[in-house]
Amino acid sequence: MNRSDDPYALTLDALEERVNKCTKCPLSETRTHVVFGEGDPHADLMLVGEGPGEVEDNTGHPFVGPAGHKLDDVLSSVGISRAEIYITNVVKCRPPGNRVPTKKEMEACSPYLEAQIALVNPKLIITLGNTPTQWLVPGAGGITHIHGSFIPWRGGIEIVPMFHPSYLLRNPSRSKGSPKYLTWMDIKKVRKWLDDNGRQRDSDRL
Ligand code: SF4
């Protein structure tokens, strides 16, 4: 591979520039905008969803629709802001009608996600829902069984699967054992892990 073709040899900005022009899979024909991902390029915590939805496709930004607002609620409940995380999806272009991306589409897009992970170098990745969980951890159990587990992954990264925020929107109950309740327990575990294991930031030392 020519070095200029290698996504790992790029900066995040240069990678985004390349992905914005990508036509490697048929999703390029129906997208309005590529949704590359955004956030702190040195974040300890990275979130990976399935793919952009309608609002994301219209704006080019990840998790800005109703599911994104729900995600913000989950994160802010333990004091995590968007500014301190990096967030992206397995595929960067919207599958029509929000269908699950095909294996071929995910394979075509995968080098970009792999490069993002390598460049951001997070300590912990939250996978949102079954699709990103199964993509990064093939053979992992269903999300209802493994949500909130800490799965050791390559290079010392921990993966924690959690329910997708759109699933929480469809299941509004907060009662004990509900998806919302379980998500709250999961994000509290993530918060504690980050407090115990996250990199010390300059602002923390002041
Ligand atoms: Fe390229 Fe990924 Fe978009 Fe397919 S989904 S066109 S591989 S950026």
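Residues numbered from 1 in each chain as written. Predicted model: local features only at pLDDT ≥ 70, side-chain atom pairs only at ≥ 80, totals over all residues. Heavy atoms only, no water.

Participant: So what exactly am I meant to see when it comes to the overall build of the protein chain here?
Facilitator: For the protein chain, the helix and strand inventory stands at ten helices and six strands. Rg of the C-alpha trace for the protein chain: 16 Å, near the compact-globule value of 17 Å for 206 residues, within the 12% margin. In terms of overall dimensions, the protein chain has a C-alpha envelope of 50 × 40 × 30 Å along the principal axes. The buried share of the protein chain, reckoned over its 206 residues, is 49%. Here the analysis covers contacts within the protein chain between residues at least 6 apart in sequence; of these, 70% occur between residues at least 24 apart. In the protein chain, which carries 25 positive and 25 negative side-chain charges, the distance between the mean positions of the two groups comes to 5 Å. (Helix = DSSP H or I, 4+ residues; strand = E, 2+ residues; numbered from the N terminus. Rg over C-alpha atoms; globule rule 2.2 N^0.38 Å. Buried < 20%, exposed > 50% of the residue type's maximum accessible area, 1.4 Å probe, protein only. Contact = heavy atoms within 4.5 Å. Lys, Arg positive; Asp, Glu negative; His and termini not counted. Charge placed at Lys NZ, Arg CZ, Asp CG, Glu CD.)

Participant: What am I meant to see in the environment of Val 190 here?
Facilitator: Along the polypeptide, Val 190 turns up in helix α9 (residues 179-197). Classification of Val 190 as buried rests on a relative accessible area of 0%. The spatial distance from the C-alpha of Val 190 to the C-alpha of Asp 72 is 15 Å, given a sequence separation of 118 residues. Residue contacts for Val 190: discarding those within four places in its chain leaves Leu 45, Leu 124, Ile 126, Phe 150, Val 160 and Met 162.

Participant: Quick question: what am I supposed to make of empty space enclosed by the protein here?
Facilitator: Empty pockets left among the atoms are what a rolling probe the size of a water molecule brings to light. For the structure shown, the criterion picks out one cavity of 30 Å³ or more. In this structure, the largest cavity occupies an estimated 100 Å³ of space. Considering the residues around the largest cavity, the lining is formed by 14 residues, among which Cys 22, Cys 25, Arg 31, Cys 93 and Cys 109 are closest to the centre. Secondary structure elements with two or more residues in the lining of the largest cavity: α2 (27-30) and α5 (103-120). (1 Å grid on protein atoms, 1.4 Å probe; cavity = no way out; pocket = protein on both sides within 12 Å on 5 of 7 lines; lining within 4 Å. Points joined across faces, edges and corners; volume = space filled by probe spheres on them.)

Participant: What am I meant to see in the pairing of strand β6 (residues 158-162) here?
Facilitator: Note on strand geometry: in a regular strand, side chains alternate between the two faces of the sheet. With respect to burial, β6 is a largely interior element, five of its five residues being buried. Neither face of β6 is left uncovered, since the one carrying Glu 158, Val 160 and Met 162 and the one carrying Ile 159 and Pro 161 both have all their residues buried. Bridge count between strand β4 (residues 124-128) and β6: five bridges; the pairing is parallel. For Leu 124, the partnering residue across the bridge sits in β6 and is Glu 158. Pairing between strand β5 (residues 151-152) and β6: two bridges, direction antiparallel. (Pairing = 2+ DSSP bridges.)

Participant: I would appreciate a short explanation of the site of the ligand in the present structure.
Facilitator: Around the ligand lies a shell formed by Val 19, Cys 22, Lys 24, Cys 25, Leu 27, Ser 28, Arg 31, Lys 92, Cys 93, Ala 108, Cys 109 and Tyr 112. Contributions of two or more residues to the shell around the ligand are made by α2 and α5. When residues in the shell around the ligand are grouped by element, the largest group, three residues, is from α5. The residue makeup of the shell around the ligand, split by class, is eight nonpolar, one polar and three charged. (Near = heavy atom within 4 Å. Nonpolar A, V, L, I, M, F, W, Y, C, P; charged D, E, K, R; others polar.)

Participant: Sorry, what's going on with the environment of Leu 71 here?
Facilitator: Tracing the sequence through the fold places Leu 71 in helix α4 (residues 66-76). Given the relative accessible area of 3%, Leu 71 is considered buried.

Participant: It is not clear to me how the side chain of Gln 116 should be interpreted in this structure. Could you clarify?
Facilitator: With respect to the secondary-structure elements, Gln 116 resides in helix α5. Excluding anything up to four places from it in sequence, Gln 116 contacts Leu 12, Leu 15, Phe 36, Gly 37, Met 46, Tyr 86, Thr 88, Lys 92 and Asn 121.

Participant: Just checking my understanding: could you explain the packing of aromatic side chains for this structure?
Facilitator: Two descriptors summarise a pair of aromatic rings, namely the distance from one centre to the other and the angle between the planes of the rings. Tallied over the full model, the rule gives two aromatic pairs. Cation over ring: Lys 24 sits above Tyr 112, and NZ or CZ is 4.7 Å from the ring centre. The lysine or arginine in question, Lys 188, covers the ring of Trp 184, its NZ or CZ lying 3.9 Å from the ring centre. (Phe/Tyr/Trp six-rings, centres within 6.5 Å; stacked < 30°, edge-to-face > 60°. Lys NZ or Arg CZ within 6 Å of the ring centre and 35° of its normal.)

Participant: For this particular structure, what's the right way to read the packing of helix α1 (residues 12-19) against α5?
Facilitator: In contact at an axis separation of 10 Å, α1 and α5 are set at 165° when each is read in the N-to-C sense. When the axes of α1 and α5 are compared, the pair comes out roughly antiparallel. Relative to α5, the crossing made by α1 is left-handed. Here Leu 12, Leu 15 and Val 19 of α1 lie close against α5, whose contacting residues are Tyr 112, Ala 115, Gln 116, Leu 119 and Val 120. (Axes fitted to C-alpha atoms, helices over the stretch in contact; angles between N-to-C directions. Parallel < 35°, antiparallel > 145°, perpendicular 65-115°, else oblique. Left-handed = near helix turned anticlockwise from the far one by under 90°.)

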